[in-house]
Amino acid sequence: MLGVVGFFIYGRENIRLFDSINPKYSNQLLEIEMFTYCSLDIVDEKSQRATEMYLGQLFTDQKYRSYGFVTNTGIRMVLVLDATSAASLKDQEIRLIFKKFHGFYCNTISNPFYEIGTPMKSRFFDEGVKELYAVSE
C-alpha cells in the first residue's frame, strides 16, 4: 500500500474531530486541507443515497485522490492518497484501511473520558494511524 497522505474525521457540522497527515507530506498541509474540504462536499452528496458506509472515490486532481466513509451517526471519514504514486490501491485495500481506521475510531470514542463531538486526542488512535502510515510505505 503506497501513497497514504492523510486521514481526516469530521462531525456533522463540519467540525474537524481528527486529522493526521503523513510526515512525508507535512510541507503541503494547506493544499491537502483545501482538497479535503472539497471532498467533504461530495461526501454530503453521496451519503444521501448511499447504501453502505464506504462511499468509494470522492474526488481526484493531479496530486491527490480522496475516498470517503460515513458512519451510522453521521461522522465522515476521508482518506487522502497520493495520485502521483506509481502503485494504485485496489478498492478492497482501501476498504481494509477504512475498516482498521474505523476500528481505531470506535475504540477511541469508547473511552469513558472522551466527550462526543470534541477533537480526539488519543495516544492509541495516533499510534494506530502511524501504523497505517508505516504499512503504506
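As the structure is a prediction and not an experimental result, all values here were calculated from the model.

K.L.:
Looking at this structure, how should I read the overall build of the chain?
P.N.:
From N to C terminus, the chain includes 3 helices and 5 strands. Relative to a compact globule of 137 residues, whose C-alpha radius of gyration would be 14 Å, the chain shows 14 Å and is just as compact. In terms of overall dimensions, the chain has a C-alpha envelope of 40 × 35 × 30 Å along the principal axes. Looking at the chain residue by residue over its 137 residues, the buried ones come to 45%. Looking at the chain alone, contacts between residues at least 24 apart form 54% of all its contacts between residues at least 6 apart. On the chain, roughly 7700 Å² of surface is accessible, and the fraction owed to carbon and sulfur atoms is 53%.

K.L.:
Help me out: how do you make sense of the packing of aromatic side chains in this one?
P.N.:
Given two aromatic rings, their pairing is described by the distance between the two centres and the angle made by the two planes. Scanning the model with the defined rule gives 11 aromatic pairs in all. Taking 5.3 Å as the distance between ring centres and 15 degrees as the angle between the ring planes, the aromatic pair formed by Phe69 and Phe98 counts as stacked. Taken together, the residues span a long stretch of sequence, with Phe69 in strand 4 (residues 64–70) and Phe98 in helix 2 (residues 91–109) at a distance of 29 residues. Judged on exposure class, the residue Phe69 and its partner Phe98 are both buried. Members of the aromatic cluster, joined through ring pairs, are Phe7, Phe18, Phe101, Phe125 and Tyr133.

K.L.:
For this particular structure, what's the right way to read helix 1 (residues 29–48)?
P.N.:
One turn of the α-helix equals 3.6 residues, which is why residues spaced by three or four share an orientation. For helix 1, with 20 residues, the first-to-last C-alpha span of 29 Å sits near the 28 Å given by 1.5 Å per residue. Tucked into the core, helix 1 has its buried residues touching strand 1 (4–10), strand 2 (16–21), strand 3 (54–60), strand 4 and strand 5 (76–82).

What counts, and where the lines are drawn
Residues numbered from 1 in each chain as written. Predicted model: local features only at pLDDT ≥ 70, side-chain atom pairs only at ≥ 80, totals over all residues. Heavy atoms only, no water. Helix = DSSP H or I, 4+ residues; strand = E, 2+ residues; numbered from the N terminus. Rg over C-alpha atoms; globule rule 2.2 N^0.38 Å. Buried < 20%, exposed > 50% of the residue type's maximum accessible area, 1.4 Å probe, protein only. Contact = heavy atoms within 4.5 Å. Areas by Shrake-Rupley, 256 points an atom, 1.4 Å probe, with all protein chains shown as cover. Phe/Tyr/Trp six-rings, centres within 6.5 Å; stacked < 30°, edge-to-face > 60°. Expected span 1.5 Å × (residues − 1).

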